[in-house]
Amino acid sequence: MTGTIPRDHDERDHDEAAFPDDLIPWQRPLRAMFPIITGHPDLVYLDSAATAQKPQAVLQAVETYLTTANANAGRGTYPWANASTELVERTREQIKSFLSDPDPERSTVHFTSGTTEGLRTVAQDWLPAFLTDGDEIVVPFADHQANLIPWLDARKVLEAQGIGIRIRELPYQTSSGDYDPDALARAVGPRTRFVAATHVHHVYGADMNVQRIRAAVGPDVVICLDAAQSMGHLPVSVAGLDVDFVAFSGHKALALPGSGAVWARQTRGPRFVPGGWSGTPNTTGIASLAAALDWLREAGTDRIERWTTALALRLTDGLRHLGAYEILGCQRSLALDSRIQHRCGIVTFRHRGIGASDLGFILFSHGFMVRTDGHCQGSAGEKTSSVRVSTHVYNTPEEIDRLLAVLATLE
Ligand code: PLP
């Protein structure tokens, strides 16, 4: 791809905001389960794409683990050590089930500190053994750099061994803001072995429609998914998406930092056996992840998706009436009834006259916490900084309306 991403300013077919009111009785008690949210009624946290807040159940699980069973996993034989080992093994199975793994006997879960380490582990410990001289891989250049740099580094490692691989860009389509399956099908050749993709774009909020990749690339190509922005926000089904690797960060899915994982389907290419001795597992983080996944299952990721998408649409709908702001990403997806694309709880914008960090300071003076900068986008991403508003289950339409009211005063 050349230039920056998905932009189509010509089509704007908007409707008025319709909030899914049926979800309000469902959301209210869930919001009350987040102590940091209820404990700060004057603040509005709108930076969940960076890291999410934790419900009481997760905090409680951490305390329970640390006060009843804290020990090293996989080493001792006394009850606390066994409980810790069981926690790690049980959480592996829980992750498979959460991802709707249709064949858990033939998949593995490797715990990591997050998505970055997960993707890097695939790039370092698996990809080089899979590729031979002349092979091609396809990767995104305008998504998060955690899903670009490891693949570029793998090429360097292979080059040093005398193995040349070609990296192609995963094509985006400007008319809808997701990946372009037709352009991908044209780009795929007999030497294409691997595609890295992102489930939900961390700047534009677009669902990248990765379920269309398999048909475009055929049955033998390995697909690796960055699920940093989808895990905990919407259903992630490895069966539905037909992918081979999924990397995610626990801290964005209501668990503690340092508690991510890579799920690997062990049916294409060499087995994924992360090399090196990784030492003591992050059992506290894993305890938090187990509790977070239970909480999310109970709450329903399908409803969380509807809720956060509705919040994002409410924000874009309000912003498009304010001439001072430019919303990044595909403009057609701003339509409330858009069947083309929707934003999964993330909206990023610029003020035409006020810099992003200044706007961030102004917004915080009104209690709003948002992300401001270039958002770690890959080399083909936006070149100037912007303000990202990202939501989770604890945010409310009233918070979005208050934010819009403040933004309106800066027109
Ligand atoms: N991929 C995407 C799409 C992200 O949004 C992020 C973080 O914002 C990452 C990867 C990296 O996640 P982490 O810093 O938890 O490793």
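Coordinates for the structure precede this section.
As a starting point, this report considers the structure included with it.

### Digging into the layout of surface pockets
Considering only enclosed or pocket space, the largest pocket measures out at about 760 Å³ in volume. Those elements giving two or more residues to the lining of the largest pocket turn out to be helix H4 (79-98), strand S2 (107-112) and helix H5 (115-125). The residue makeup of the lining of the largest pocket, split by class, is ten nonpolar, 18 polar and seven charged. Within this model, the second largest pocket holds a volume of roughly 250 Å³. At three residues, the largest contribution of residues to the lining of the second largest pocket is made by H5.

### Observations regarding the packing of aromatic side chains
One pair of aromatic rings is described through two measures. These are the centre distance and the angle between the planes. Following the criterion strictly, the structure yields eleven aromatic pairs and no others. With a centroid separation of 4.8 Å and an interplanar angle of 65°, the aromatic rings of Phe34 and Tyr394 are classed as edge-to-face. With a gap of 360 residues between them, Phe34 in the loop between helix H1 (24-31) and helix H2 (35-38) and Tyr394 in the loop between strand S13 (386-390) and helix H14 (397-409) connect regions that are remote in the sequence. For the pair formed by Phe34 and Tyr394, the shared burial category is buried. Members of the aromatic cluster, each reached through a chain of ring pairs, are Trp126, Phe130, Trp151, Phe194, Phe245 and Phe272. The aromatic ring of Phe130 is capped on one face by Arg193, whose charged end is 4.2 Å from the ring centroid.

### Here we look at the site of the ligand
Around the ligand, the structure places 13 residues, and the nearest of them are Thr116, Asp226, Ser249, His251 and Lys252. One nitrogen or oxygen atom from the side chain of Lys252 is found 2.6 Å from an oxygen atom belonging to the ligand. Look at the ligand: alone it shows 390 Å² of surface, and the protein chains cover 86% of it. Spatially, the ligand is embedded in the second largest pocket. Looking at the shell around the ligand residue by residue, the classes come out as three nonpolar, eight polar and two charged.

### Quick notes on the side chain of Thr115
Considering the arrangement of structural elements, one finds Thr115 in helix H5. With a relative accessible area of 4%, Thr115 lands in the buried category. In contact with Thr115, other than residues within four places in its own chain, are Asp226, Ala228, Ala247, Phe248 and Ser249.

### A closer look at the nonpolar core
Across soluble globular proteins, you tend to see nonpolar side chains buried next to one another. One finds Trp151, Phe194, Leu319 and Phe349 to be the most contacted residues of the largest nonpolar core, which totals 116 residues. Per-element tally for this core: the top contributor is helix H11 (residues 283-299), with nine residues. Each of two domains, domain 1 (14-53 + 300-408) and domain 2 (58-299), supplies a minimum of three residues to this core.

### As for H11
Between its terminal C-alpha atoms H11 stretches 24 Å, which fits the 24 Å expected from 17 residues at 1.5 Å a residue. Counting buried residues in H11 gives 14 out of 17 residues, a clear majority hidden from the surface.

Here is what the cut-offs are and how they apply
Residues numbered from 1 in each chain as written. Predicted model: local features only at pLDDT ≥ 70, side-chain atom pairs only at ≥ 80, totals over all residues. Heavy atoms only, no water. 1 Å grid on protein atoms, 1.4 Å probe; cavity = no way out; pocket = protein on both sides within 12 Å on 5 of 7 lines; lining within 4 Å. Points joined across faces, edges and corners; volume = space filled by probe spheres on them. Helix = DSSP H or I, 4+ residues; strand = E, 2+ residues; numbered from the N terminus. Nonpolar A, V, L, I, M, F, W, Y, C, P; charged D, E, K, R; others polar. Phe/Tyr/Trp six-rings, centres within 6.5 Å; stacked < 30°, edge-to-face > 60°. Buried < 20%, exposed > 50% of the residue type's maximum accessible area, 1.4 Å probe, protein only. Lys NZ or Arg CZ within 6 Å of the ring centre and 35° of its normal. Near = heavy atom within 4 Å. Polar contact = N/O pair within 3.5 Å; in protein donor to acceptor, adjacent residues only side chain to side chain. Areas by Shrake-Rupley, 256 points an atom, 1.4 Å probe, with all protein chains shown as cover. Sits in = over half its atoms within 2 Å of the grid points. Contact = heavy atoms within 4.5 Å. Core = buried A, V, L, I, M, F, W, Y, C linked by side-chain atoms within 4.5 Å. Domains from an automatic or database assignment. Expected span 1.5 Å × (residues − 1).

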